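# Architecture and fold: a report
So the chains spell out like this:
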Amino acid sequence: MFMNVPVFKAINGVAHVNGTLDEIMIVFSNYSPLFFVAALTALYLYGVYRKDNMFRYAAVDALAITVMSLLLGFVIGIFYYEPRPFVTDHVNLLTPHAPDASFPSDHSLGTMSIALGIKNNYKFLGAILIILSLLVGVSRVYVGVHYPMDVLGSYLIVLVVNFTYRRLLCGKIRGLYSKVEKSLLKRISGINRENHKEGFKQ
């Protein structure tokens, strides 16, 4: 913990030195979660297109881990308040942010949850996303909205949630998803048959 502020100042202190680097970090910090959500959605839709259960299961796993991590982070934020760096000190703030709880970092939680959830099933794609999530974490410190421990703590939360999910919940969540999917498919099939009959009568 004693290295939290010095490391923050070392990373955030680089801001305003290079305009191009600043813009890259701002993009990573603000918009990277959209890329991760898009990757997760694409993985699921590809599984639907290929009629491949594993692609769909991988997406469901990642979504479940992400929801659990974000909920746990939300609860922690309620009971433990860590002020943002720009609230208590003068920093190089590159992007505006509300002065809410700094710990944990939702961006780090969300991106690493998706990355690990996918890596559980597809190592190469997951490894790429993990690297991108690490860059997201660095960017959050760089732009001045999180301390390094906010990011590292978020990654630790995700590791615990991921471990718990794989050991205790994965089979149950996949089973529940399969039941819901089959129920929806039956309903859609029934609606299509009814529409076909109505069209035939006309």
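Residues numbered from 1 in each chain as written. Predicted model: local features only at pLDDT ≥ 70, side-chain atom pairs only at ≥ 80, totals over all residues. Heavy atoms only, no water.

This paragraph deals with the nonpolar core. Ranked by internal contacts, the top residues of the largest apolar core, which has 37 residues, are Met 112 and Val 143. Elements supplying a minimum of two residues to this core: helix 2 (19-50), helix 3 (53-79), helix 5 (106-119), helix 6 (123-142) and helix 7 (148-201). A total of 7 residues in this core trace back to one element, the largest contributor, which is helix 7. What Val 143 contacts, discounting residues up to four positions off in sequence, is Asn 12, Met 25, Ile 26, Ser 29, Asn 92, Leu 93, Leu 94 and Thr 95. (Core = buried A, V, L, I, M, F, W, Y, C linked by side-chain atoms within 4.5 Å. Buried < 20%, exposed > 50% of the residue type's maximum accessible area, 1.4 Å probe, protein only. Helix = DSSP H or I, 4+ residues; strand = E, 2+ residues; numbered from the N terminus. Contact = heavy atoms within 4.5 Å.)

Its place among the elements puts Pro 99 in the loop between helix 4 (85-88) and helix 5. Using a relative accessible area of 54% as the deciding quantity, one classes Pro 99 as exposed. The contact partners of Pro 99, leaving out residues within four places of it in the chain, are Tyr 81, Arg 84, Phe 86 and Val 87.

For the structure on display, the rule yields 4 salt bridges. Here Glu 181 makes a salt bridge to Arg 56, at a shortest N to O gap of 2.7 Å. With Glu 181 in helix 7 and Arg 56 in helix 3, this residue pair connects regions lying 125 residues apart in the sequence. Residue Arg 56 is classed as buried on the basis of its relative accessible area, which comes to 8%. (Salt bridge = Lys/Arg side-chain N within 4 Å of Asp/Glu carboxyl O.)

A separate point is helix 1 (residues 4-12). Turning to helix 1, its buried residues are Asn 4, Phe 8 and Asn 12. Seen along its axis, helix 1 keeps its buried residues to an arc of 45°; they face one direction. (Arc of directions from axis to C-beta.)

Attention now goes to helix 3. The terminal C-alpha atoms of helix 3 lie 39 Å apart, and with 27 residues this matches the ideal 39 Å at 1.5 Å per residue to within 8%. One side-chain oxygen at the N-terminal end of helix 3 lies 2.9 Å from the backbone nitrogen of Met 54; it belongs to Asp 52. (Expected span 1.5 Å × (residues − 1). Polar contact = N/O pair within 3.5 Å; in protein donor to acceptor, adjacent residues only side chain to side chain.)

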